[in-house]
Amino acid sequence: VARLPEAYRHAITLVELQDMTQADAAKIAGVSLSGMKSRVQRGRRLIRDMFEECCSLKVDARGRVVEAEQHEQGESAGGSATCSRSC
């Protein structure tokens, strides 16, 4: 989450980590509800992209991650190992 751009980091922190509704988070951030929804959705996508860069993800029928395994050296989607931490 710390690697996200500020707007997405703030949105994810409020909604996902502080368990706030998107409507309440929008009021705090001073943006419209649709703006907050976009920020949360984009933030989630960016986090997923970061994980997929480093890890193979297994998901359930609803798309929730149930298992993650770090790629072997040089196996990441970009062809280089950019992840220094385990999944």
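Residues numbered from 1 in each chain as written. Predicted model: local features only at pLDDT ≥ 70, side-chain atom pairs only at ≥ 80, totals over all residues. Heavy atoms only, no water.

> Can you help me understand unusual backbone geometry in this one?
Note: most residues except glycine have negative phi, and most peptide bonds are trans. Its identity is not glycine, yet aspartate 19 carries a phi of approximately 55°, on the positive side. Tracing the sequence through the fold places aspartate 19 in the loop between helix H1 (6–17) and helix H2 (22–29). On the basis of relative accessibility, which here comes to 70%, the residue aspartate 19 falls in the exposed class. (Helix = DSSP H or I, 4+ residues; strand = E, 2+ residues; numbered from the N terminus. Buried < 20%, exposed > 50% of the residue type's maximum accessible area, 1.4 Å probe, protein only.)

> Please clarify how the pairing of strand E2 (residues 65–70) should be interpreted in this entry.
Side-chain direction in a regular strand flips from residue to residue, so the side chains alternate between the two faces of the sheet. Summarising the sheet, strand E1 (residues 55–59) and E2 pair through five bridges and their orientation is antiparallel. Each residue of the ladder has a partner; that of valine 59, found in E2, is valine 65. Once E1 ends, the chain turns through five residues before running back antiparallel as E2, passing glycine 63 with a positive phi of about 85°. (Pairing = 2+ DSSP bridges.)

> Is there a simple way to think about the nonpolar core in this case?
Among soluble globular proteins, nonpolar side chains are generally buried collectively. Core analysis: the biggest nonpolar cluster contains 11 residues, these being Leu4, Tyr8, Ala11, Ile12, Leu14, Val15, Ala25, Ala26, Met36, Val40 and Met50. Those elements that place two or more of their residues in this core are H1, H2 and helix H3 (33–54). Element by element, the count of residues in this core is highest for H1, at five residues. Those residues in contact with valine 40 that lie beyond four places of it in its chain are Ala11, Ile12, Val15, Glu16 and Gln22. (Core = buried A, V, L, I, M, F, W, Y, C linked by side-chain atoms within 4.5 Å. Contact = heavy atoms within 4.5 Å.)

> Looking at this structure, how should I read H1?
For the α-helix, the turn length of 3.6 residues means that residues three or four positions removed from each other point alike. Along H1, the residues classified as buried are Tyr8, Ala11, Ile12, Leu14 and Val15. In the core, the buried residues of H1 are packed alongside H2 and H3. Immediately downstream of H1, the backbone of aspartate 19 shows phi near 55°, a positive value.

> How do you make sense of the packing of H1 against H2 when you look at a structure like this?
Between two packed helices, both the angle of their axes relative to each other and the distance between the axes serve to describe the pair. Running from N to C, H1 and H2 point in directions that differ by 135°, and their axes come no closer than 9 Å. Taken together, the axes of H1 and H2 are oblique relative to one another. For the pair H1 and H2, the crossing hand works out as right-handed. Residues His10, Leu14 and Val15 of H1 pack against Gln22, Ala25, Ile28 and Ala29 of H2. (Axes fitted to C-alpha atoms, helices over the stretch in contact; angles between N-to-C directions. Parallel < 35°, antiparallel > 145°, perpendicular 65-115°, else oblique. Left-handed = near helix turned anticlockwise from the far one by under 90°.)

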